[in-house]
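# Coordinate analysis (summary)
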Amino acid sequence: IIVINSISIEPQAPVNDFSSLAGMESAGWVFSWNEATTFVAPGTSTRNACGGVPDSSYCGWMGSHAVGQISLQLSGSGYGTIDFGNSHNYASGKVTLYLNDDVLATAGELEVSHKASFSYKDGDTIRLVEDPAAIIVINSISIEPQAPVNDFSS
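In this report, the structure presented in the accompanying data block is examined. Because the structure is predicted, anything quoted here is derived from the model rather than measured.

Rules of the game
Residue numbers here run from 1 along each chain, matching the order of that chain's written sequence. Residues qualify for local features only when their pLDDT is at least 70, as the model is predicted, and side-chain atom pairs are given and counted only at 80 or more; totals for whole chains, interfaces and linings, by contrast, use all residues. Values reported for side chains reflect all heavy atoms of the structure, with hydrogen atoms and water molecules removed beforehand. The numbering of helices and of strands both runs from the N terminus, where a helix is a DSSP run of H or I of at least 4 residues and a strand a run of E of at least 2. Residue exposure (1.4 Å probe, protein chains only): buried if accessible area is under 20% of the type maximum, exposed if over 50%, otherwise partly exposed. DSSP bridges decide pairing: two strands pair if at least two such bridges lie between them. Here the axes come from fitting lines to C-alpha atoms, over the contacting stretch only for helices, and the angles between their N-to-C directions go from 0 to 180 degrees. Throughout, a contact is declared for two residues whenever any of their heavy atoms are within 4.5 Å. Disulfide assignment relies on a single distance test, namely cysteine sulfur atoms paired within 2.5 Å.

## Some points on unusual backbone geometry
Most peptide bonds take the trans form, and the phi angle of most residues other than glycine is negative. Here the bond from Asp-131 into Pro-132 is cis, since omega is -15°, no more than 30 degrees from zero. Within the secondary structure layout, Pro-132 lies in the loop between β8 (125-131) and β9 (136-145). Its identity is not glycine, yet His-65 carries a phi of approximately 55°, on the positive side. The exposure class of His-65 is exposed, given its relative accessible area of 54%. Located in the positive-phi region is Leu-110, a residue other than glycine, with phi close to 55°.

## Considerations on the sheet that holds strand β2 (residues 58-60)
With antiparallel pairing, the 4 strands of this open sheet are ordered in space as β2-β9-β4-β7. Here the strands that pair on one side only, and so sit at the sheet edges, are β2 and β7 (111-120). Along the sheet, successive strands turn relative to each other by an average axial angle of 25°, direction set aside.

## Points about the environment of Ile-135
Among the structural elements, Ile-135 can be located in the loop between β8 and β9. Between the C-alpha atom of Ile-135 and that of Gly-60, which follows or precedes it by 75 residues, the distance is 5.7 Å. In contact with Ile-135, other than residues within four places in its own chain, are Ala-49, Cys-50, Cys-59, Gly-60, Trp-61, Gly-85, Asn-86, Ser-87, His-88 and Val-95.

## Looking at the state of the cysteines
What makes a disulfide is a covalent bond joining the sulfur atoms belonging to two cysteines. Scanning the model with the defined rule gives 1 disulfide in all. The disulfide bridge from Cys-50 ends at Cys-59, spanning 1.9 Å between sulfur atoms. Across the S-S bond linking Cys-50 and Cys-59, the dihedral sits near -85°, which makes this disulfide left-handed. Since its relative accessible area comes to 0%, Cys-59 is described here as buried.

Written out as structure tokens, the structure is:
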């Protein structure tokens with residue numbers, strides 16, 4: 001006989017909550033750099049570089065024209081939609097969205113909203129990469145798991 005008096009499961013933070021760096025990391029977002037501009041909070045003077053980006057959106061960049069990336073590993077399978085962008089006015093700067101190693105979409109200079117949809121399977125990773133000088137913006141992401149298919153044929 002097994003008796004369980006109580007069980008507590010910490011819910012994972014939602015992947016579309018961009019209110020803090022800690023919250024994003026708790027939800028599974030991984031940043032390739034760690035500096036003051038990894039997460040630019042609303043209301044700070046640095047946020048001015050994020051011109052036109054809503055306070056509810058993520059905004060950040062890696063300094064010194066280095067290549068920064070943010071990634072999120074997905075579990076299960078299903079469909080996703082992400083609204084991302086680039087708030088930098090550097091003409092050759094871009095933010096590129098990848099699913100694993102495949103380019104899905106690119107946001108150019110001052111393009112703060114670019115929507116892309118994708119299907120995913122367990123273990124796939126989406127990445128946003130800023131190169132050579134860009135500011136990563138994430139306005140929203142929606143992950144819709146696909147219901148498992150039961151095979152009752154046998």
